[in-house]
Amino acid sequence: MNEKDPYESLACNCVEVGTVIREDDTVLTLDLCGPDAHSRFDALHTAAVSIGSGNCQASCETVDENGQTVVRATFNFDCTAEKLIFQMKNIP
């Protein structure tokens, strides 16, 4: 390892997971559009509370964005891992 660069690795394309995923990154905000936006929020909320501790706090508000009605959903997970699992399972 190079003593001048503490992040240099002998393996290619390796990154310490802490440099990509922050411990305090627990809030996810999604904009849901279309006539079924509220039912999609309900389904996502059910999925969110089924992950990990089950303590995900979810809320939504309806906003007008460029003349289109948008449901802005906010999910606040207990930890970053729960948020990441939720995103991998539910967000295309």
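One can find the structure itself at the top, above this paragraph.
Residues numbered from 1 in each chain as written. Predicted model: local features only at pLDDT ≥ 70, side-chain atom pairs only at ≥ 80, totals over all residues. Heavy atoms only, no water.

Trainee: Looking at this structure, I do not really get the pattern of salt bridges. What am I missing?
Mentor: For side chains of opposite charge, pairing can occur when their charged atoms come near one another. Taken as a whole and assessed by the stated rule, the structure comprises 5 salt bridges. Between aspartate 31 and arginine 72 there is a salt bridge, and its shortest N-O distance comes to 2.7 Å. Taken together, the residues aspartate 31 in strand E1 (residues 27-33) and arginine 72 in strand E3 (residues 68-76) connect sequence positions 41 residues apart. Look at aspartate 31 and you get partly exposed, because its relative accessible area is 37%. A network of salt bridges, in which partner residues are shared, links Asp31, Glu65 and Arg72. (Salt bridge = Lys/Arg side-chain N within 4 Å of Asp/Glu carboxyl O. Helix = DSSP H or I, 4+ residues; strand = E, 2+ residues; numbered from the N terminus. Buried < 20%, exposed > 50% of the residue type's maximum accessible area, 1.4 Å probe, protein only.)

Trainee: I'm lost on the nonpolar core in this one. Help?
Mentor: What tends to happen in soluble globular proteins is that the nonpolar side chains get buried as a cluster. Leu30, Leu32, Leu44, Ala48, Phe75, Phe77 and Phe86 are the most contacted members of the largest nonpolar core, which has 15 residues in total. Secondary-structure elements contributing two or more residues to this core are E1, helix H1 (37-49) and E3. Looking at which element gives the most residues to this core, the answer is H1, with 5 residues. Not counting residues up to four positions away in its chain, the partners in contact with phenylalanine 86 are Leu28, Leu44, Ala47, Ala48, Ile51, Phe77 and Ile91. (Core = buried A, V, L, I, M, F, W, Y, C linked by side-chain atoms within 4.5 Å. Contact = heavy atoms within 4.5 Å.)

Take it as geometry only, folks, not as evidence of what the structure does.
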